[in-house]
2 protein chains.
Amino acid sequence: MEGVATRAGVHRATVYRRWRDVGGLLVDVIDAAGEINWQPPDTGSLRGDLTALNQEIQESLVAQPSFAVALMAASFHSEQAARAQTQLWADRYDQCEILVERAIERGDLPAQHTDARSLLIAATAPLYHQLVLLRAEPDPQLPSRAAQAAVLAAAAGAFAVRREESG
Amino acid sequence: MEGVATRAGVHRATVYRRWRDVGGLLVDVIDAAGEINWQPPDTGSLRGDLTALNQEIQESLVAQPSFAVALMAASFHSEQAARAQTQLWADRYDQCEILVERAIERGDLPAQHTDARSLLIAATAPLYHQLVLLRAEPDPQLPSRAAQAAVLAAAAGAFAVRREESG
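As the structure is a prediction and not an experimental result, all values here were calculated from the model. The residue count restarts for each chain, going from 1 along the sequence in the order it is written. Whichever chain is written first is A, and whichever ligand is written first is 1; the rest continue in order. Only residues with pLDDT of 70 or above have their local features reported here, since the model is predicted, and side-chain atom pairs are shown and tallied only from 80 upward, although totals for entire chains, interfaces and linings are computed over all residues. The basis for every side-chain value is the complete set of non-hydrogen atoms in the structure, without hydrogens or water.

With respect to helix 8 (residues 142-155) of chain B
Every α-helix carries 3.6 residues per turn, so stepping three or four residues along brings you back to the same face. Taking 1.5 Å of rise per residue, the 14 residues of helix 8 of chain B would be expected to cover 20 Å, and the 20 Å separating its terminal C-alpha atoms lies within 8% of that figure. Numbering of helices and strands runs from the N terminus, with a helix taken as a DSSP run of H or I at least four residues long and a strand as a DSSP run of E at least two residues long. Positive backbone phi, at 90°, marks Gly-157 of chain B, one or two positions downstream of helix 8 of chain B. Given a helix with a known number of residues, its expected span is that number minus one, times 1.5 Å.

Below is the structure:
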């Protein structure tokens with residue numbers, strides 16, 4: 001908040017009056033970012049797409065300062081930030097379901113009923129885990145490895161929707 | 001901190017004087033917990049072991065209050081808490097490497113050089129991601145599904161140590 005006030009050339013109190021807390025500020029940043037026309041990667045293979053997505057995630061997490069990490073930090077003490085983060089990620093995962101749909105169309109995945117969200121989370125969760133929670137050094141191999149692990153699991157039917165649950 | 005002071009029947013300032021911040025308090029809680037002789041699960045199969053581990057993680061994350069979530073929250077603003085969390089998880093993952101060693105001994109994993117840490121993170125990361133970051137409702141199927149996805153990926157060689165990297 002102090003940094004924002006300094007950059008804007010206003011008193012800190014002005015920033016707090018406008019946004020109340022860092023959660024409120026981040027929500028407006030997200031709204032502004034939502035206008036940017038983000039497109040999911042389209043490399044021609046599921047592994048390539050997930051690797052590209054993971055590279056983007058890795059960059060966003062190691063950036064200084066990192067908006068993604070600031071939002072996570074704020075989500076633990078600001079209900080507004082927590083809701084904004086949940087929504088942001090839900091939107092992003094929705095947008096990425098096309099990666100899985102394309103893979104099914106290409107015949108790269110075994111079943112029509114692959115649960116796209118579970119596959120996407122399996123591919124991306126290790127990045128957040130390693131970089132944010134375990135505070136590991138960024139590993140240039142991690143984006144492709146985590147992508148490959150999810151693709152292999154998917155090919156083996158790990159994310160197939162079970163019949164007894166869909167009926 | 002307020003809750004601790006109330007339970008102990010002392011003034012809040014006493015708690016702050018003793019531990020400085022919530023990070024310091026949590027570090028002492030971790031030290032105390034370290035004396036508890038935690039043992040990794042031993043169910044007879046890698047999938048069973050990882051499912052049991054994930055069930056334990058899920059319980060620790062949905063507990064009210066959750067020590068694990070409090071530590072994560074504190075890790076974003078307390079360097080002391082961040083280091084304690086990193087150490088706690090490093091220790092826990094070290095202790096769990098035996099699950100992978102046992103699976104290799106049983107012949108359930110293809111290579112001798114499966115990277116145990118990567119496999120363990122693949123199995124457990126979706127739990128933290130879903131419950132803490134996406135704030136999803138606990139899914140009773142998630143512990144076994146995330147375990148199974150990691151086992152299938154491992155069986156397909158996803159976590160094999162590459163020769164060009166080990167030499």
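A short note on the pattern of salt bridges
All names here are of chain A. A side-chain nitrogen of Lys or Arg and a carboxyl oxygen of Asp or Glu constitute a salt bridge if their distance falls within 4 Å. Within the structure shown, the criterion is met by twelve salt bridges over all chains. Among the ionic pairs, Arg-83 bridges to Glu-79, the shortest N-O distance being 3.8 Å. Of this pair, Arg-83 and Glu-79 are both found in helix 6 (residues 79-105), four residues apart, which corresponds to roughly one turn of the helix. We classify Arg-83 as exposed; its relative accessible area is 51%. Burial classification: accessible surface area is computed with a 1.4 Å probe over protein chains only, and a residue below 20% of its type maximum counts as buried, one above 50% as exposed, and the rest as partly exposed.

Details of the packing of aromatic side chains
In summary, the pairing rule links any two rings of Phe, Tyr or Trp, Trp by its six-membered ring, whose centres are within 6.5 Å, and it sorts them by plane angle into stacked for under 30 degrees, edge-to-face for over 60 and tilted for everything else. Enumeration according to the criterion identifies three aromatic pairs over all chains in this entry. When the ring centre of Trp-38 of chain A is taken as reference, the NZ or CZ atom of Arg-92 of chain A above it lies at 3.8 Å. Lysine NZ or arginine CZ positioned within 6 Å of the ring centre and within 35 degrees of the ring normal marks a charge as sitting over the ring.

Structural notes on the interface of chain B and chain A
Throughout, a contact is declared for two residues whenever any of their heavy atoms are within 4.5 Å. The partner chain A presents 33 residues to the 33 residues of chain B that form the contact. In this assembly, chain B packs against chain A so that about 3100 Å² is buried in total across both faces, 65% of it on carbon and sulfur atoms. Considering only the side of chain B, the residues that lose the most area to chain A are Phe-76, Leu-133 and Arg-145 of chain B, jointly responsible for 22% of the buried surface there. Taken together, the connections running from chain B to chain A amount to two salt bridges. With a closest N to O distance of 3.2 Å, Arg-135 of chain A and Glu-79 of chain B form a salt bridge. Pairing of N or O atoms within 3.5 Å defines a polar contact, subject to two protein rules: one partner must be a possible hydrogen donor and the other a possible acceptor, and residues neighboring in sequence count only if both atoms are side-chain atoms. The interface formed by chain B and chain A includes six residue pairs in polar contact (both at pLDDT 80 or more). Where the side of chain B that touches chain A is concerned, the elements lending two or more residues are helix 5 (67-75), helix 6 (79-105), helix 7 (116-133) and helix 8 of chain B. Considering each element in turn, the side of chain B that touches chain A owes the most residues, nine residues, to helix 7 of chain B. Just so you know the grouping, Ala, Val, Leu, Ile, Met, Phe, Trp, Tyr, Cys and Pro go in nonpolar, Asp, Glu, Lys and Arg go in charged, and all remaining residues, Gly too, go in polar. Taken together, the residues of the side of chain B that touches chain A sort by class into 20 nonpolar, seven polar and six charged. Buried area: the sum, over both parts, of the accessible surface (1.4 Å probe) that disappears when the two are put together.

Any link to function would need more than the numbers given here.
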